[in-house]
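In case you want the letters, here they are:
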Amino acid sequence: MTEATSKITLLCARWVIPVVPDGVVLEHHAVAISDCAITDVLPQSAAAERYPDATAVNLPDHVLIPGLINLHTHAAMTLMRGMADDLPLMTWLQNHIWPVESRVTSAEFVRDGSLLACAEMLRGGVTCFNDMYFFPEATAQAALQAGLRAAIGMIAVEFPSAYASDATDYLAKGMALRDAQRDEPLLTFCLAPHAPYTVSDATFERIAVYAAELDVPVHTHLHETQDEIRDSLKAHGLRPLARLKNLGLLGPNLIAVHAVHLAPEEIALLAEHGCHVAHCPTSNLKLASGLAPVQALLQAGVNVGIGTDSAASNNRLDMLSELRLAALLGKLGANDAAALPAQQALEMATINAARALGLEQKIGSLQKGKRADITAINLSATELAPVYHPLSHVAYATGREHVSHVWVDGVLRMQNGRFTGLDETDITARAGYWRNKMLQPAQ
């Protein structure tokens, strides 16, 4: 056995969808991985000859895709799943979510909630998520425990919380966390001002300076509801996007979350400045925020990824369901059945999201040299038969229950539908503990 082949693992699948190049579906191919990276994508017959001593993982009924990337989450809020449903956004936030958060939010709460979210995402083929919440060090801890890749939001709001006293304190703590964890290969960081209605001009200006200096994404809710726009016009005389433009926030670092209510000139502005959009279709529907103009954004050249938002407003962290819904709503919104086809939906959940996070050179497609973030989906189930076009099946027919294996950075994190390193009993018990705590009357 040679040194070159001793560390090679061959993932031998019925189909491989690399995402890049666009629309390619490879049959009876293998993905070779070694030292956390993809070293080859080649026909299985050639792989057997080139790597005779490699360890083979045979996936005869499966399709391999890049690990899914959840471009917008509040992972810890998974502990609030189903707590306050069927309400408009501001009523939901002001009367239910924020009061509960003020009572229970702590590092322990965030760690337990984020670990619960990581388990759910991993089971659904997610290998990377972009988060925004209090106590981001606890989210980072949970992500590392689960073995997921995470973009950790350095959150900023003006109001005090158990985590920080004001916007300056939030940013200082976020920066300190980034400095402490900057060499951790599974973690990257985003500046995460919550929204235009919770962040001041002065804080946004400071964030614009930090983003330019550090070259990190700025992840913020933007144009989610009509009320947000009306309130901005009343308070600032500007729509939120115009306000952020004046404050120096528009550029290739900006990830605008939701972006539901956009005039044509605002879509053009996002495209002109190279901004990104995190599209959250289920949350937009559930909170009745509106139908985002996704096809218009894509046609204008705006990079659009997909996120679930929190399990408190979704109520699932299921990216396969999310990309299916994104495709269907894209067709409805454009009044065109050919709009937002399967390949494009999968790109939004993989390479587009990676591009928004500045990670497209590392993840988002199955290409030689990229990190081995890979999801295997078993297409042998009765409800998936027959299979004519595996790419179409991934977008329109499969669900997270069909995800069988997940590798993150080359490490097998789920095998045949079972976690390789997480204690589900403990994670579920911790969720029950927090449910009981949140149901206790406020003191």
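Everything in this summary refers to the structure shown in the same document. (Residues numbered from 1 in each chain as written. Predicted model: local features only at pLDDT ≥ 70, side-chain atom pairs only at ≥ 80, totals over all residues. Heavy atoms only, no water.)

**Points about the overall build of the protein**
- Within the protein, the secondary structure is distributed over 17 helices and 16 strands.
- In terms of overall dimensions, the protein has a C-alpha envelope of 65 × 45 × 45 Å along the principal axes.
- By the burial criterion, 57% of the 443 residues in the protein qualify as buried.
- Put simply, of all contacts in the protein between residues at least 6 apart along the chain, 72% involve residues at least 24 apart.
- As presented, the protein carries roughly 17,100 Å² of accessible surface, and 51% of it is formed by carbon and sulfur atoms.
- Within the protein, the 46 negative side-chain charges are centred at a point lying 2 Å from the centre of the 32 positive side-chain charges. (Helix = DSSP H or I, 4+ residues; strand = E, 2+ residues; numbered from the N terminus. Buried < 20%, exposed > 50% of the residue type's maximum accessible area, 1.4 Å probe, protein only. Contact = heavy atoms within 4.5 Å. Areas by Shrake-Rupley, 256 points an atom, 1.4 Å probe, with all protein chains shown as cover. Lys, Arg positive; Asp, Glu negative; His and termini not counted. Charge placed at Lys NZ, Arg CZ, Asp CG, Glu CD.)

**Considerations on the packing of aromatic side chains**
- Summed over all chains, the structure comprises seven aromatic pairs.
- Ring centres 5.7 Å apart and planes at 55 degrees place the aromatic pair tyrosine 163 and tyrosine 170 in the tilted group.
- The class of tyrosine 170 is buried, set by a relative accessible area of 0%.
- Three or more aromatic residues joined by ring pairs form one cluster here, namely Tyr133, Phe134, Phe135, Tyr163 and Tyr170. (Phe/Tyr/Trp six-rings, centres within 6.5 Å; stacked < 30°, edge-to-face > 60°.)

**Details of the pattern of salt bridges**
- If you walk through the whole model with that rule in mind, you get 20 salt bridges.
- Of the charged contacts, one joins aspartate 409 and arginine 149 as a salt bridge, the two residues approaching to 3.0 Å between their closest N and O atoms. Of this pair, aspartate 409 sits in the loop between β14 (403–408) and β15 (411–415) while arginine 149 sits in strand β7 (residues 149–156), placing them 260 residues apart in sequence.
- Look at aspartate 409 and you get buried, because its relative accessible area is 9%. (Salt bridge = Lys/Arg side-chain N within 4 Å of Asp/Glu carboxyl O.)

**As for the sheet that holds strand β2 (residues 26–34)**
- With respect to topology, eight strands assemble into an open sheet ordered β3-β2-β1-β4-β13-β14-β15-β16, the strand pairing being mixed. The sheet is open, and its two borders are formed by β3 (37–43) and β16 (418–419), each paired with just one other strand. (Pairing = 2+ DSSP bridges.)

**Overview of the environment of proline 264**
- Mapping proline 264 onto the fold places it in helix α10 (residues 264–272).
- Note: C-alpha distance between proline 264 and alanine 296 (32 residues apart in sequence) is 8.4 Å.

**Considerations on helix α7 (residues 201–214)**
- In a regular helix each residue adds 1.5 Å, so 14 residues correspond to 20 Å; α7 covers 20 Å between its end C-alpha atoms and thus fits that length.
- All buried positions along α7 are accounted for by Thr203, Phe204, Ile207, Ala208 and Ala211. Buried residues in α7, looked at end-on, bunch into an arc of 145 degrees, giving them a common side. Exposed and facing more than 90 degrees away from the buried side of α7 are Ala212 and Glu213.
- On its buried face, α7 sits against β7, α6 (167–181), β8 (187–193), β9 (218–222) and α9 (240–246).
- Note on α7: the residue one or two positions beyond its end, aspartate 215, has a positive phi of about 55 degrees. (Expected span 1.5 Å × (residues − 1). Arc of directions from axis to C-beta.)

**Section: the side chain of histidine 62**
- Relative to the elements of secondary structure, histidine 62 occurs in strand β4 (residues 55–66).
- A distance of 3.5 Å separates a polar atom in the side chain of histidine 62 from a polar atom in the side chain of serine 404.
- Each residue touching histidine 62, except ones within four places of it in the same chain, is listed here: Ala13, Arg14, Trp15, Ala376, Ile377, Asn378 and Ser404. (Polar contact = N/O pair within 3.5 Å; in protein donor to acceptor, adjacent residues only side chain to side chain.)

**What about the nonpolar core?**
- Residues Leu68, Met80, Trp92, Phe109, Leu191, Leu323 and Leu346 are the most contacted members of the largest nonpolar core, which totals 119 residues.
- For this core, the element with the most residues is helix α4 (residues 107–123), which contributes nine residues.
- When residues no more than four places from it in sequence are discounted, the contact partners of phenylalanine 109 are Ala76, Leu79, Met80, Val104, Tyr133, Trp434 and Met438.
- Of all hydrophobic cores here, the second largest spans 15 residues; its members include Cys128, Ile255, Ala354 and Leu357. (Core = buried A, V, L, I, M, F, W, Y, C linked by side-chain atoms within 4.5 Å.)

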